[in-house]
Amino acid sequence: NLTCLDHIIQVVTAVIFTVHQEFLKQGEPTSARCDELESLRKRGCDAARIENPHGSQKILKNKAVTNRKKGAEKLRPEDITQIQPQKLSLNLRSGEPQNIKLKFKRAEDYPIDLYYLMDLSYSMKDDLENVKNLGTSLMKEMSKITSDFRIGFGSFVEKTVMPYISTTPAKLLNPCTVDQNCTSPFSYKNVLKLTSNGQQFNILVGNQQISGNLDSPEGGFDAIMQVAVCGEHIGWRNVTRLLVFSTDAGFHFAGDGKLGGIVLPNDGKCHLENNMYSMSHYYDYPSIAHLVQKLSENNIQTIFAVTEEFQPVYKELKNLIPKSAVGTLSANSSNVINLIVDAYNSLSSEVILENSKLPEGVTITYQSHCKNGVVNEGETTSTQTHQLSSTAEAANKPESIKIKPLGFTEEVEILLSFICECECHKHGIENSDMCHNGNGTFECGACRCNKGRVGRQCECRKDEVSTEDLDKNCRKDNGTDICSNNGECVCGTCECKKRDNPEERYSGKFCECDNFNCDRSNNKLCGGHGRCECRVCICDANYTGSACDCSLDASTCLASNKQICNGRGICECGTCRCTDPKFQGPTCEICPTCPGVCTEHKSCVQCRAFGTGEKKDTCERDCSYFNLIKVKDRDKLPQPVQAFPLMHCKERDANDCWFYYTYAVNNTEKEVHVVETLECPAGPDIIPIVAGVVTGIVLIGLALLLIWKLLMIIHDRREFAKFEKEKMNAKWDTV
């Protein structure tokens, strides 16, 4: 955002400002001068009167990274540079990011300090035997990586109180069984300070004895804390610091001390007396977060060498501790050297940048450019070149932040300053006559009043007029609302509120006007064809209406015959309103129910629905002007409604088959619903006819035979009766 110059402008989202004295409208606050660049230009602010400051950066210390090969002249650790630049200053403006380029290069043959911290509870007895010769073997292996390597050794068991150990006198002397010779239990012991003498490591570690405790989790966190914070006792240098934590068990953490009556939180300080941790009975175990803090502060990278059984637990712990690794320790620690080398290579293969606490409103994002060209964005980055983007969201007092790669002592210091006002503030005229007889400083086109004065021109004294009298001048028509509830009454004059959207403004003597509460059309203020002034649309040329949604241009209403709405309607707001109900469409030229409609569309319906008819060869070209919808039967055809006219059609094709369809125009969309099956007259069925004729002939023949037979029976009976009668007559004649 930009600013049309005002009195002191805070860098929140904008500092683009105009010095135009007559820029503000009545009721607008002086803060309205601060706005986006495009918005100021639209309001008539000259580019020459706009201030738009930008952030800047300056490199203060830029020592090149050390570039040397192994075997070259030996350098002191403090003379080696791995990150560049080392110090710079940023002048930040709110909302404008500043990009910084950091280069990191891991120096070859860089010194390494390694401290081996081992669990000496009884279960680690066989592991101790293998670690006794670790010094010289590890020195030999690490010489392939660096010529300056030091190694130290420490051990831990558990807090020396119940229920972690047995406190009976005999068990305090020998916590193991009678046939085992074990040393007294202890919390943490610094056996060997960091040294380059591998033989000394072997001798001292060879003299160590196993101890014992009662519970399975060990007190390793107490030991890690002391190793991290007791730098002088351990002998840490400002070089790569590695802590190897070797165990075959879990760990106690903050809160577990309550089992032994220990309630004081761990203080994170060194408590070594004669190389023994002396306050294990007094302070609780440290929390994981506390360990992370101290390990990070002291640039220590941790390698957890644990047995297979506890891998899942320590992998979860690794995810909480930056720059740490987990390796699988064999049952007797025989693979510890390979484990350490592999873990070191894993840790050194990446660089994690960490920044100190940022001032409120400031953010930093990282982008890394690795050797293989892959770019990853996020809070953690890989090696080589890093692009940082720093952004401020608000003005703050000058501060400094530090960025460093985890596990290294080197860091980049960034001095932050913030642009809180425009340049024109430096050229203000104190006690200017433009501020009511010198009652303020005229700067950036507006008055900044002296103490005790108020008003746009500092024309009022705070104790001159009562608040009630001042407020009376800010009420419209003697109403109750001050400045229409859209502003504040300052010295009897309304200063309107500023909206979140810079395009929206209140104005007017009583802040009764605004430019965003006008009528809308198509979800656009004033239909997108006008501007809103005091809640009324001022329409552009050729537009009218309360929302400027009515076009006065009649060209869109001209029909193909050059008549307005085909002579069958009225052009209203650029759209035809058809007065003849039979006609419709954008220019009242479509009549779906007029005679001849069915005949007109018959050929196209035939070819589209059935692939027949006169236009079957030109169907795609001539008949794509309507949407075709097929239905199963005549009952599914749409019925006439008042919304739009609809014509039912029944037509016959060349095969004397009937097809049924409807034609309608729905909001300029032409729709045809057609019954998908033709209704054709059925042809004669020969087989039933022949069967009927044959059956009829047979039946008639049978009937005739039956009649003949019946007649013959009747005739025979008559003849027989006649014979009998004549026979009887003959007998009488004989007598």
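So, here is what we can say about the structure in this document. Fair warning: this is a prediction, and the values are worked out from it, not measured in the lab. (Residues numbered from 1 in each chain as written. Predicted model: local features only at pLDDT ≥ 70, side-chain atom pairs only at ≥ 80, totals over all residues. Heavy atoms only, no water.)

Observations concerning the layout of surface pockets
Roughly 450 Å³ of volume is contained in the largest pocket. If you go around the largest pocket, you meet 17 residues; those closest to its centre are Lys25, Glu503, Arg505, Asn515 and Cys532. Ranked by residue count, the leading element in the lining of the largest pocket is strand β33 (residues 530-533), at 4 residues. Among the residues forming the lining of the largest pocket, the class breakdown is 4 nonpolar, 4 polar and 9 charged. A volume near 360 Å³ is recorded for the second largest pocket. Residue lining of the second largest pocket: 16 residues in total, with Lys61, Gln86, Thr409, Glu410 and Glu411 positioned closest to the centre. For the lining of the second largest pocket, the residue count by class is 4 nonpolar, 4 polar and 8 charged. (1 Å grid on protein atoms, 1.4 Å probe; cavity = no way out; pocket = protein on both sides within 12 Å on 5 of 7 lines; lining within 4 Å. Points joined across faces, edges and corners; volume = space filled by probe spheres on them. Helix = DSSP H or I, 4+ residues; strand = E, 2+ residues; numbered from the N terminus. Nonpolar A, V, L, I, M, F, W, Y, C, P; charged D, E, K, R; others polar.)

As for the state of the cysteines
Counting across every chain of the model gives 21 disulfides. Two residues, Cys526 and Cys537, share a disulfide whose sulfurs are 2.0 Å apart. Sign of the S-S torsion, about -90° for the bond between Cys526 and Cys537, identifies this disulfide as left-handed. Highlighted residues: Cys526 in the loop between β32 (524-525) and β33 and Cys537 in strand β34 (residues 536-539), separated in sequence by 11 residues. The class of Cys537 is buried, set by a relative accessible area of 12%. Note on cysteine connectivity: Cys578 is disulfide-linked to Cys588, with sulfurs 2.0 Å apart. Residues Cys578 and Cys588 are joined by a disulfide whose S-S torsion is about -105°; by sign, that bridge is left-handed. One end of the pair, Cys578, is in strand β38 (residues 575-578); the other, Cys588, is in the loop between β38 and α12 (597-610), and 10 residues separate them in sequence. Cys578 sits in the partly exposed class, given a relative accessible area of 24%. You can call Cys588 buried: its relative accessible area is 0%. (Disulfide = S-S within 2.5 Å. Buried < 20%, exposed > 50% of the residue type's maximum accessible area, 1.4 Å probe, protein only.)

What to know about the side chain of Asn486
Within the element layout of this structure, Asn486 appears in the loop between α11 (467-472) and β27 (487-490). The exposure class of Asn486 is buried, given its relative accessible area of 11%. When near neighbours in sequence (up to four residues on either side) are disregarded, Asn486 contacts Cys496, Lys497, Tyr506, Cys511 and Arg535. (Contact = heavy atoms within 4.5 Å.)

Notes on the environment of Lys404
Along the chain, Lys404 falls in strand β21 (residues 399-405). Measuring from C-alpha to C-alpha, the distance between Lys404 and Ile83 comes to 8.5 Å, with 321 residues separating the pair along the chain. Beyond its immediate chain neighbours, meaning those up to four positions away, Lys404 contacts Ser296, Glu297, Asn299, Ile352, Leu353, Glu354, Glu410 and Glu411. In this structure the side chain of Lys404 is engaged in a polar contact, spanning 3.3 Å, whose partner is the backbone oxygen of Ser296. Polar side-chain contacts of Lys404 include one of 2.7 Å to the side chain of Asn299. (Polar contact = N/O pair within 3.5 Å; in protein donor to acceptor, adjacent residues only side chain to side chain.)

What to know about the nonpolar core
In terms of nonpolar packing, the biggest core is built from 36 residues, with Leu114, Tyr116, Met118, Leu134, Leu138, Phe149 and Phe153 touching the most fellow members. Per-element tally for this core: the top contributor is helix α10 (residues 336-348), with 8 residues. Leave out the neighbours within four places in its chain, and Tyr116 touches Val131, Leu134, Gly152, Phe153, Gly154, Val244, Ser246, Val336 and Ile340. Among the nonpolar cores identified, the runner-up in size contains 30 residues, and Phe221, Leu272, Tyr283 and Phe304 belong to it. (Core = buried A, V, L, I, M, F, W, Y, C linked by side-chain atoms within 4.5 Å.)

What to know about the sheet that holds strand β39 (residues 627-631)
In a beta sheet, neighbouring strands are held together by backbone hydrogen bonds and run either parallel or antiparallel to one another. Taken in spatial order, the 4 strands make up an open sheet running β39-β42-β41-β40, and their pairing is mixed. Of all strands in the sheet, those bounded by a partner on one side alone are β39 and β40 (646-652). Averaged over neighbouring strand pairs, the angle between their axes works out to 25° when direction is ignored. Strand direction decides the pairing type here: strand β41 (residues 658-666) and strand β42 (residues 669-675), joined by 6 bridges, are antiparallel. Bridging across to β42, Tyr663 finds its partner in Val672. Where α12 meets the sheet, its contacts fall on β39, β40, β41 and β42, and the angle it forms with β41 comes to roughly 110°. (Pairing = 2+ DSSP bridges. Axes fitted to C-alpha atoms, helices over the stretch in contact; angles between N-to-C directions.)

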